[in-house]
Amino acid sequence: MWGRCGFLKEKYYLCGRKQNPFSSIRMIDTSIFQGKKAVYYTLGCKLNFSETSTFGKMLQELGVVTAQKGERADICLINTCSVTEVADHKCRQAIHRLVRQNPGAFVVVTGCYAQLEADAVSKIDGVGLVLGSDEKARLVQYLSDYWLQDVASEREAKAFTQKTKDIRSFAPSCSRGNRTRYFLKVQDGCDYFCTYCTIPYARGFSRNPTIASLVAQAEEAAREGGKEIVLTGVNIGDFGKTTGENFLDLVKKLDGVQGVCRYRISSLEPDLLSDDLIAYCAMSRAFMPHFHIPLQSGSDTVLRLMHRHYDRQLFADKIRRIKELMPDAFIGVDVMVGCRGETPECFEETFGLLESLDVTQLHVFPYSERPGTSALSIPYVVSDSDKKLRSRRLITLSDAKTHDFYVRYAGQESEVLFEKATRGRAMHGFTRNYIRVELTPQQSKPEYDNQILRVRLEGFNRDKTALMATVL
């Protein structure tokens, strides 16, 4: 929302409160942003990517340009992840690297790692501002208040976070950054508190905006030429906690937005994937036959230790129901290996279940000890060597399932939404059921970007990560 004389009021939502969303926001002199250069770095999930691209869009509207490769930036924004210790390590590496590459830049760190380890992050040399999950909604305000002030005070780092129970804001996000697909944030936070996970502490409790506001964002994306939107969030099936609505109603309303040809649902908990939702997606206009469903473990013993909200039979029933109504559906599955309590027998239960199910791809990741989680009280500990062996077995299984799924469609015709090729790489896109498709350099044309084209699917590319195709 633009005010007079080049000042800006930044928009954000306080979920569950009836108050003026601008009541605590001061006027901003936008002239301090004109001509500045920024670099952005995102770690973690699609939700983080969506938020980062929205931050970039906000700053661009204030006159900030994205620094090109080799250019020194005035602002560095790092959106962090903290799902594992490896993620924490990557966050620290990224911060150090950007500080080193951009001497004198004002460095802002936000995201889950910033929320959980604000003090530690603020002590990293070169960091100017640390914003927790509630504060990042007011990024521009904090930049305006502390950027110039920090320059004058030798950049003493400032950290702003709230306790988990006080995280209330919802920062809207519907952006594509430099990609073809839009990412629409429909929900934030989580109420599940699984024993191995710190995300509820980093993101706060489940909250969401209204269906009407999300439909408006989808309509704006369509006006900008967006043809595909990915619905993102922390636990999106929990949509409606703060508005009294539900996820199925959201899906139905979004399906009616003209101009958007495709929707994908980023991830849905098995217990929140209702049969009614599966049935609606099977006959909908624009929701694709593509699901991502976290399993984490195929052992009921381990699922209980994790405090998951389902058992292996419910998960298997959901997979079979999807395949009954959408035989062509791509189904991705998250699975964790080596968590506390996962005995060899429990792992074999997981492997056997996944081997028996018609799923397409496994996202396999090893369990990581997270400080403050109740999983640390579980006595049985899996060695790092066993975690690696179990991971390799599941990755091999995943590769075989994905290969067989792709082979099933070689020689068939399909519609593909193509994406602009990055330098030195083949132009690619995805079918309705998420098969990655590549074109030869001779066939690739700039005008194919963001176009849905009919193709004939052929054999694998060189590294077997995509099917080659011929445009019809």
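Student: Help me understand the overall build of the chain in this model?
Tutor: Along its length, the chain carries 13 helices and 22 strands. Relative to the 2.2 N^0.38 estimate, which gives 23 Å for 472 residues, the radius of gyration of the chain is 23 Å and therefore close to what a compact globule would have. In terms of overall dimensions, the chain has a C-alpha envelope of 60 × 60 × 45 Å along the principal axes. Each of the 472 residues in the chain was classed as buried or not, and the buried ones make up 54%.

Student: Which parts of the structure should I look at to understand the packing of helix α12 (residues 344–356) against helix α13 (residues 384–407)?
Tutor: Axis angle and axis distance: for two packed helices, these are the angle between their axes and the distance between the axes, and together they describe the pair. Close contact between α12 and α13 brings their axes to 11 Å; oriented N to C, the two are set at 5°. As summarised for this structure, α12 and α13 are arranged roughly parallel, according to the angle between their axes. Between α12, through P344, F347, E348, F351, L354 and E355, and α13, the contact on the second element is made entirely by R390, R393, L394, L397 and K401. Tallied by class, the residues present in the contact of α12 with α13 amount to six nonpolar, no polar and five charged.

Student: Help me understand the nonpolar core in this model?
Tutor: Residues L231, F247, Y263 and L394 are the most contacted members of the largest nonpolar core, which totals 56 residues. In terms of residue count, the dominant contributor to this core is helix α7 (residues 211–223) (six residues). In this view, L231 contacts L184, V186, I236, F247, L254, Y263, R264, I265, S266 and F287; residues no more than four positions away in its chain are not counted.

Student: So what exactly am I meant to see when it comes to helix α9 (residues 275–283) here?
Tutor: Given 3.6 residues to a turn, an α-helix orients residues that are three or four positions apart in the same direction. Inspection of α9 places L277, I278, Y280 and C281 among the buried residues, and these make up the whole buried set. Each buried residue of α9 sits inside an arc of 165° when the element is viewed along its axis, so together they form one side. Every exposed residue of α9 that faces more than 90 degrees away from the buried side is listed here: D276 and M283. In this structure, the buried side of α9 is in contact with α8 (247–255), β14 (262–265), β15 (290–296) and α11 (312–325).

Student: I would appreciate a short explanation of the environment of Y146 in the present structure.
Tutor: Residue placement: Y146 occurs in helix α5 (residues 139–152). In this structure, the C-alpha to C-alpha distance between Y146 and L129, residues 17 residues apart in sequence, is 7.9 Å. Excluding its chain neighbours within four sequence positions, the residues that come into contact with Y146 are F106, L129, K158 and F160.

Student: Mind showing me how you'd approach the sheet that holds β15 here?
Tutor: Taken together, the three strands give an open sheet; going across it, the order is β15-β16-β17, and neighbouring strands pair in parallel fashion. Across the chains shown, the open sheet's two edge strands, defined by having one partner strand only, are β15 and β17 (361–366). Averaged over all adjacent pairs, the angle separating strand axes in this sheet is 20°, with direction ignored. Packed on one face of the sheet, α11 meets β15 and β16 (330–337) and runs near 165° to β15.

Student: Explanation requested: the sheet that holds β14 in the structure shown.
Tutor: The strands that make up a sheet are held in pairs by hydrogen bonds between backbone atoms, and each pair lies either parallel or antiparallel. If you trace the four strands from one edge of the open sheet to the other, you get β11-β12-β13-β14, paired in mixed fashion. The sheet terminates laterally at β11 (174–175) and β14, the two strands that pair on one side only. Summarising the sheet, strand β13 (residues 228–232) and β14 pair through four bridges and their orientation is parallel. Residue pairing in the sheet places V230 in a bridge with R264 of β14. Its contacts with the sheet put α8 on β12 (182–185), β13 and β14, and the angle it makes with β14 is roughly 160°.

Student: What exactly am I supposed to notice about the environment of P172 here?
Tutor: Tracing the backbone shows P172 in the loop between β10 (169–170) and β11. Taking the relative accessible area as the measure of exposure, P172 reaches 24% and is therefore partly exposed. In this structure the C-alpha to C-alpha distance between P172 and L254, which are 82 residues apart in sequence, comes to 16 Å.

Student: How do you make sense of the packing of aromatic side chains when you look at a structure like this?
Tutor: A ring pair, where both rings are aromatic, is described by two values, the distance of the centres and the angle of the planes. Considering all chains together, one arrives at twelve aromatic pairs under this definition. Each ring, one from F330 and one from F405, has its centre 5.8 Å from the other, and the planes form 90°; the classification is edge-to-face. You can see F330 sitting in strand β16 and its partner F405 sitting in helix α13, a full 75 residues away along the chain. Exposure remark for F330: the relative accessible area of 4% places this residue in the buried category.

Student: So what exactly am I meant to see when it comes to unusual backbone geometry here?
Tutor: Trans is the common state for peptide bonds, and a negative phi is the common state for residues other than glycine. Non-glycine residue Q296 carries a positive phi angle of around 70°. By secondary structure assignment, the location of Q296 is in strand β15. A positive phi angle, close to 65°, is found at H307, a residue other than glycine. Looking at where H307 falls in the secondary structure, it is placed in the loop between α10 (300–306) and α11. Residue classification places H307 among the partly exposed residues on the basis of a relative accessible area of 46%.

Student: Honestly, the pattern of salt bridges in this entry has me stumped. Any pointers?
Tutor: Side chains that differ in sign of charge can pair as their charged atoms come close. Summed over all chains, the structure comprises 32 salt bridges. A salt bridge links E71 to K37, with the shortest nitrogen-to-oxygen separation between them at 3.2 Å. With a gap of 34 residues between them, E71 in the loop between β5 (65–66) and β6 (75–80) and K37 in strand β4 (residues 37–42) connect regions that are remote in the sequence. Put simply, R370 and E85 hold a salt bridge, and the shortest N to O gap is 3.7 Å. Linking R370 in the loop between β17 and α13 with E85 in helix α2 (residues 85–101), this pair joins segments that are 285 residues apart in sequence. With relative accessibility at 3%, the residue R370 sits in the buried group. Among the ionic contacts, a cluster of salt bridges with common partners joins E51, K136, K185, D188, R203 and R207.

Student: Help me understand the confidence of the model for the chain, please; the structure alone is not making it clear to me.
Tutor: Interpreting fine coordinate detail is not advised for predicted regions of low pLDDT. Residue-level pLDDT values for the chain average 89, and 92% of them are 70 or greater. Note that pLDDT drops below 50 for residues 1–25; the model gives that stretch 55 contacts with residues more than four away or on any other chain.

Student: Would you take a moment to explain the side chain of D238 for this structure?
Tutor: Note that D238 resides in the loop between β13 and α8. Relative accessible area serves as the criterion here: at 10%, D238 is assigned to the buried category. One polar contact links D238 to S206, side chain to side chain, over a distance of 3.1 Å. A distance of 3.2 Å separates polar atoms of two side chains, one belonging to D238 and the other to K241. The residues touching D238, leaving out its near neighbours within four places in the chain, are D191, S206 and L272.

Rules used in this analysis
Residues numbered from 1 in each chain as written. Predicted model: local features only at pLDDT ≥ 70, side-chain atom pairs only at ≥ 80, totals over all residues. Heavy atoms only, no water. Helix = DSSP H or I, 4+ residues; strand = E, 2+ residues; numbered from the N terminus. Rg over C-alpha atoms; globule rule 2.2 N^0.38 Å. Buried < 20%, exposed > 50% of the residue type's maximum accessible area, 1.4 Å probe, protein only. Axes fitted to C-alpha atoms, helices over the stretch in contact; angles between N-to-C directions. Parallel < 35°, antiparallel > 145°, perpendicular 65-115°, else oblique. Contact = heavy atoms within 4.5 Å. Nonpolar A, V, L, I, M, F, W, Y, C, P; charged D, E, K, R; others polar. Core = buried A, V, L, I, M, F, W, Y, C linked by side-chain atoms within 4.5 Å. Arc of directions from axis to C-beta. Pairing = 2+ DSSP bridges. Phe/Tyr/Trp six-rings, centres within 6.5 Å; stacked < 30°, edge-to-face > 60°. Salt bridge = Lys/Arg side-chain N within 4 Å of Asp/Glu carboxyl O. pLDDT = per-residue confidence, 0-100. Polar contact = N/O pair within 3.5 Å; in protein donor to acceptor, adjacent residues only side chain to side chain.

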